[in-house]
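# Architecture and fold: a report
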Amino acid sequence: MAEGVVSARMDALAGSMSGLMDFLDDPVMQGVSDPDAADFVFGNPHDDVLPEFWQALQRWSKPKSKDWFAYKLNEQEATQVVAGYLTQARDRPWPAERVLMTNGAFAGLAVSLNALVDAGDEVIYTRPPWFFYEALVRSVGAQPVEIEPAADFNLDLDSVAAGLTDKTRAIIINSPNNPTGRIYPAGVLERLSQILREGSARAGRPIYLLSDEAYNRILFDGRRFPSPTDHYDHSLLLYTYGKTLLTPGQRLGYIALSPEMLDAEQVYESLFLAQTLCGWAFPSALMQHALADIQKLSIDVDNLERKRDRMITGLREAGYGTNLPEGTFYLLVKSPTPDDAAFCRRLAKKGVFVLPGQAFGMPGYFRISLTASEKMIDKALPVFAEVTSTAAT
Ligand SMILES: Cc1ncc(COP(=O)(O)O)c(C=O)c1O
C-alpha cells in the first residue's frame, strides 16, 4: 500500500494481526461460505438462534416511552440486572454503580485500556493471546509483554513475576482460556494476586487486572468458575453475552469493577469518558432494555460438551493429539505435520475449515470451534481421518 494514505499507526497495527489476516485472505478459505462447508473456524452460530433471545428483542423493541431509543449510557435497568446476577453468582454484594455497559468484551478491553493505560506503559498477557490483545495494547501506545504458559497451559507465575516492571500497568487474564480451554484454579489466582500486590507496591501505583471472562458460563464436566476478580481488588471483570447466547453480532457486555477496588469512583469516571470517546461504546438502547430477559438465557452447554466428547473421540481414534478443554468453545489439536497452515489447507480442499495455529500464535496446532453443527461434525470426522492418513504423502 502507498505510504501516507492511512494513519501510520493503523498500518503498523495491521502487522500484529497478519497471521490471522493472511489465513482469511487465503484463496482456499473462500470455500468456507459454501452451504456444505464444515465450518469450525470461529465461535459463530451454526444452529438455530435461541427463540427466547429473538422473542425478547421483539418484545423490547416496542417503545414504552418517547425516549425509548434516545442516547443511552450505563442505564440503571441494565446495570441493576448485572449487579443482581454478580451478587448472587459471586457470593458478595456487587453494587450497580460499579457496572458499565459495553458492546461486548471487545469494547470492554478497548475502553479499559484507554482509561487506565498510558503510552509507554507495559501490559502483560499469556501466550497464545486472543487475536486482538497485541493490537489493542499497541493502539494505546503501550508495550505488550507476552508470558509463556506452563506446560499444561496453566499460568506460569514465575514468568509473570519476572515480567513485572515499574512500567507494568495491567495484566490481561483470560480464563476460561481461548484457545486452550484451561480454567485457572483458585490457588493459582490467589498466588497471582499476591505477586500483583507486591508489584504494585514496588511500582507505587496499582497494576490493574483485566479479567477477560468471555467464556465464564461455558464450563464443562460440572466445573465452577473461579474468577480472578474474587482474589484481587484492582480487578475489572470484562464480559460479553455473545458467547453464552451465541449471538456475537448483537453486541452486549459489561465491565464490572471489583466491589473491593479502592479509587473505584475515579476509575469509573475514566472508563465512562473512554466509553464516550471510543465512539460511544455503550450497547444499543434495545440491548439494554432486553437484558432483563436475556441475562438468564444460555445456549445448551451440555450439548456443547457432548460435541466436545464426540470430536475428541473421533479425532483421537484417527490418531490426532488433542487437549481436553475445561470450558470455552474450542478444542486444540496437534497438527500431524509441522506446517499447520498447509495441513489446514488440505482439510479446506475437502470442505473442512479449521483455524491454523499460525493465525493465533501456536504453530504446530490447529483450533476447532465446537459451535459447528452435528451435520458439520458428521461430514468432518471421516475427512479428518482421511487427511491425516495421507498427511505424509
Ligand atoms: C478471549 C476473548 N475475549 C474477548 C472476546 C470478544 O468477545 P465479543 O466479540 O463478544 O466482545 C472474544 C471473542 O472471541 C474472546 O475469545
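Residues numbered from 1 in each chain as written. Predicted model: local features only at pLDDT ≥ 70, side-chain atom pairs only at ≥ 80, totals over all residues. Heavy atoms only, no water.

### So, the overall build of the protein
As a reminder of what qualifies: Here a strand is any run of E in DSSP of at least two residues, a helix any run of H or I of at least four, and the numbering for each starts at the N terminus. Values of the radius of gyration come from C-alpha atoms, whereas the globule rule sets the reference at 2.2 Å times the count of residues to the power 0.38. Here, residues are in contact when the closest pair of their heavy atoms is within 4.5 Å. Here the open area of atoms and residues is found with the Shrake-Rupley method and a 1.4 Å probe, where only the protein chains shown may cover a residue. Charge counting treats Lys and Arg as positive and Asp and Glu as negative, with His and both chain ends excluded. Charged groups are reduced to one reference atom each: NZ for lysine, CZ for arginine, CG for aspartic acid, CD for glutamic acid.
Along its length, the protein carries 14 helices and twelve strands. Taking 2.2 N^0.38 as the reference for a compact globule, 393 residues should give roughly 21 Å; the C-alpha atoms of the protein span a radius of gyration of 21 Å, in line with that estimate. The principal-axis extent of the C-alpha atoms belonging to the protein is close to 60 × 55 × 50 Å. Long-range pairs, those at least 24 residues apart, make up 73% of the contacts in the protein with a sequence separation of at least 6. As displayed, the protein offers around 17,000 Å² of accessible surface, 53% of which is attributable to carbon and sulfur atoms. Of the charged side chains in the protein, 37 are positive and 49 negative; the average position of the first set lies 3 Å away from that of the second.

### A word on the sheet that holds strand S2 (residues 99–102)
Rule in force here: Pairing between strands requires that DSSP locate at least two bridges from one strand to the other. Fitting a line to C-alpha atoms yields each axis, with helices limited to the stretch in contact; the angle taken between N-to-C directions then spans 0 to 180 degrees.
With respect to topology, seven strands assemble into an open sheet ordered S2-S8-S7-S6-S5-S3-S4, the strand pairing being mixed. Sheet topology places S2 and strand S4 (143–147) at the edges, where each strand pairs with a single neighbour. Adjacent strand axes in the sheet meet at a mean angle of 20° when their direction is disregarded. As paired strands, S2 and strand S8 (residues 253–257) are joined by four bridges and run antiparallel to one another. Following the sheet pairing, Val99 is matched in S8 by Ala256.

### What about the sheet that holds strand S12 (residues 365–369)?
What the three strands build is an open sheet, ordered S9-S12-S11; its pairing is antiparallel. Edge positions in the sheet fall to strand S9 (330–334) and strand S11 (355–356), since each of these pairs with one other strand and no more. Across five bridges, S9 lies against S12 in antiparallel orientation. Looking across to S12, one finds that Lys334 is bridged to Tyr365. Contacts from helix H12 (residues 301–317) reach S9 and S12, with the element oriented near 5° to S9.

### Digging into the domain arrangement of the protein
In plain terms, the rule: For the purposes of this description, domain bounds are those given by an automatic or database domain assignment. Simply put, the buried area is the total loss of 1.4 Å probe accessible area from both parts when two parts are fitted together. The term salt bridge refers to a pairing of a side-chain nitrogen on Lys or Arg with a carboxyl oxygen on Asp or Glu at a separation within 4 Å. Counting of polar contacts relies on pairs of N or O atoms within 3.5 Å, with two restrictions inside protein: one atom must be capable of donating a hydrogen and the other of accepting it, and residues adjacent in sequence are counted only when both atoms are side-chain atoms.
Once the domains are mapped, the protein shows domain 1 (8–49 + 299–389) and domain 2 (51–294). Placing the centre of domain 1 and that of domain 2 at their C-alpha centroids yields a distance of 26 Å. In this complex, domain 1 contributes 31 residues to the contact, which on the side of domain 2 involves 34 residues. In total, about 2,900 Å² of surface goes out of reach between domain 1 and domain 2, with carbon and sulfur atoms giving 65% of it. A per-residue breakdown of the area domain 1 buries against domain 2 is headed by Val49, Glu326 and Thr328, which together make up 25% of the total. Inspection of the domain 1/domain 2 interface yields three salt bridges. Taken together, the links from domain 1 to domain 2 amount to 13 residue pairs in polar contact (both at pLDDT 80 or more).

### Considering the packing of helix H5 (residues 104–116) against helix H10 (residues 264–277)
Quick reminder of the rule: Roughly parallel refers to an angle under 35 degrees, roughly antiparallel to one over 145, roughly perpendicular to one between 65 and 115, and oblique to any angle outside these ranges. Working rule for handedness: look at the near helix, and if it is turned counterclockwise from the far one by less than a right angle, call the crossing left-handed; if clockwise, right-handed. We call Asp, Glu, Lys and Arg charged. Ala, Val, Leu, Ile, Met, Phe, Trp, Tyr, Cys and Pro are nonpolar, and the rest, Gly among them, are polar.
Close contact between H5 and H10 brings their axes to 8 Å; oriented N to C, the two are set at 120°. On the basis of their axis angle, the class for H5 and H10 is oblique. Crossing hand, H5 versus H10: right-handed. Facing H5, whose interface residues are Val111, Ser112, Asn114, Ala115 and Leu116, H10 presents Val267, Ser270, Leu271, Ala274 and Gln275. Split into classes, the residues belonging to the contact of H5 with H10 amount to six nonpolar, four polar and no charged.

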